[in-house]
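Chain by chain, the residues:
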Amino acid sequence: MKEFITDILVEQFGFLPTELLVVLVSAVPIVELRGGIPLGVILGLSPWEALLFGIIGNLLPIVPILLLFRPISGWMLRFKWYQRLYDWLYNRTMKKSNNVEKFGAIGLILFTAVPLPTTGAYSACLAAVLFFIPFRFAFFAVSAGVVIAGIVMTLFSYILV
């Protein structure tokens, strides 16, 4: 499987430096650190490099989401297709965010730090916006969660790969 992934990435994105590839994969929703750090391991980065570039990539979308999601959504809700997407996203986020509702910013750290599908920086930012957690608390909580998740993923990646 490692060879298959490596072959596809090298074939399609071989012109990019490995570090940039890890940053970009870590910035993609759903994949985030869970894909970026193992990719760095597979492509031969050191543990510290994979962790650093994975965290950088996963931190990139935090500020835009926290600042722009509410105003852009307010404008986009006039479209029926976006209303359906928003409702689905809202319901999914609310189901997964019991700790955020209970514990606020501390809950965001926990929500972000657990490297499972549908948890991570994107979902935590959406939960922060939906629960009206102030920007500075949300930013630092999600960032702390990203660092914790990055450390966990780095340890798993180097143990398993």
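In this report, the structure presented in the accompanying data block is examined. Note on numbering: residues in each chain are counted from 1, in written sequence order. Restriction of local features to residues with pLDDT of at least 70 applies here, the model being predicted, together with a cutoff of 80 or more for giving and counting side-chain atom pairs; totals for whole chains, interfaces and linings are based on all residues. Only heavy atoms go into the side-chain values, all of them from the structure, while hydrogens and water stay out.

A closer look at the side chain of S157
Step number 1: Counting from the N terminus, the helices are DSSP H or I runs at least four residues long and the strands are E runs at least two residues long. Note on placement: S157 falls in helix α10 (residues 135-160).
Step number 2: For every residue, the accessible area obtained with a 1.4 Å probe (protein chains only) is divided by the maximum for its type, and the residue is called buried under 20%, exposed over 50%, and partly exposed between those limits. Classification of S157 as buried rests on a relative accessible area of 4%.
Step number 3: Dropping the residues within four chain positions of it, S157 is found in contact with I37, P38 and V41. Any two residues having at least one pair of non-hydrogen atoms within 4.5 Å are treated as being in contact.

Observations concerning the nonpolar core
Step number 1: Working definition of a nonpolar core: buried Ala, Val, Leu, Ile, Met, Phe, Trp, Tyr and Cys residues. They are joined through side-chain atoms within 4.5 Å. I62, L66, F69, L108, V142 and V146 are the most contacted members of the largest nonpolar core, which totals 34 residues.
Step number 2: With 9 residues, the single largest contributor to this core is helix α9 (residues 121-130).
Step number 3: Excluding anything up to four places from it in sequence, I62 contacts A121, C125, F139, V142, S143 and V146.

Considerations on the packing of helix α2 (residues 18-26) against helix α3 (residues 32-42)
Step number 1: Interaxial angles span 0 to 180 degrees and are taken between N-to-C directions of axes, which are lines fitted to C-alpha atoms, for helices over the stretch in contact. α3 packs onto α2 with a crossing angle of 160° between their chain directions and a minimal axis gap of 7 Å. With respect to each other, α2 and α3 are oriented roughly antiparallel. In this structure, α2 meets α3 at a crossing whose hand is right-handed. Contacts from L21, V22, V25 and S26 in α2 reach E32, L33, G35, G36, I37, L39 and G40 in α3.
Step number 2: When residue character is reported, Ala, Val, Leu, Ile, Met, Phe, Trp, Tyr, Cys and Pro are called nonpolar, Asp, Glu, Lys and Arg charged, and the others, Gly included, polar. A per-class count over the contact of α2 with α3 returns 6 nonpolar, 4 polar and 1 charged. Throughout, the term roughly parallel applies to angles under 35 degrees, roughly antiparallel to angles over 145, roughly perpendicular to angles from 65 to 115, and oblique to all others. With the far helix as reference, a near helix turned anticlockwise by less than a right angle produces a left-handed crossing, and one turned clockwise produces a right-handed crossing.

Some thoughts on the packing of aromatic side chains
Step number 1: Ring pairs shown here join Phe, Tyr and Trp side chains whose ring centres sit within 6.5 Å, with only the six-membered ring taken for Trp; geometry is labelled stacked below 30 degrees between planes, edge-to-face above 60, and tilted in between. By the definition in use, this model includes 8 aromatic pairs.
Step number 2: For the ring pair F139 and F140, a centre distance of 5.4 Å and an interplane angle of 75° mean the geometry is edge-to-face.
Step number 3: The exposure class of F139 is partly exposed, given its relative accessible area of 24%.
Step number 4: A residue is classified by how much of its surface remains accessible, and F140, at 58% relative accessible area, is exposed.

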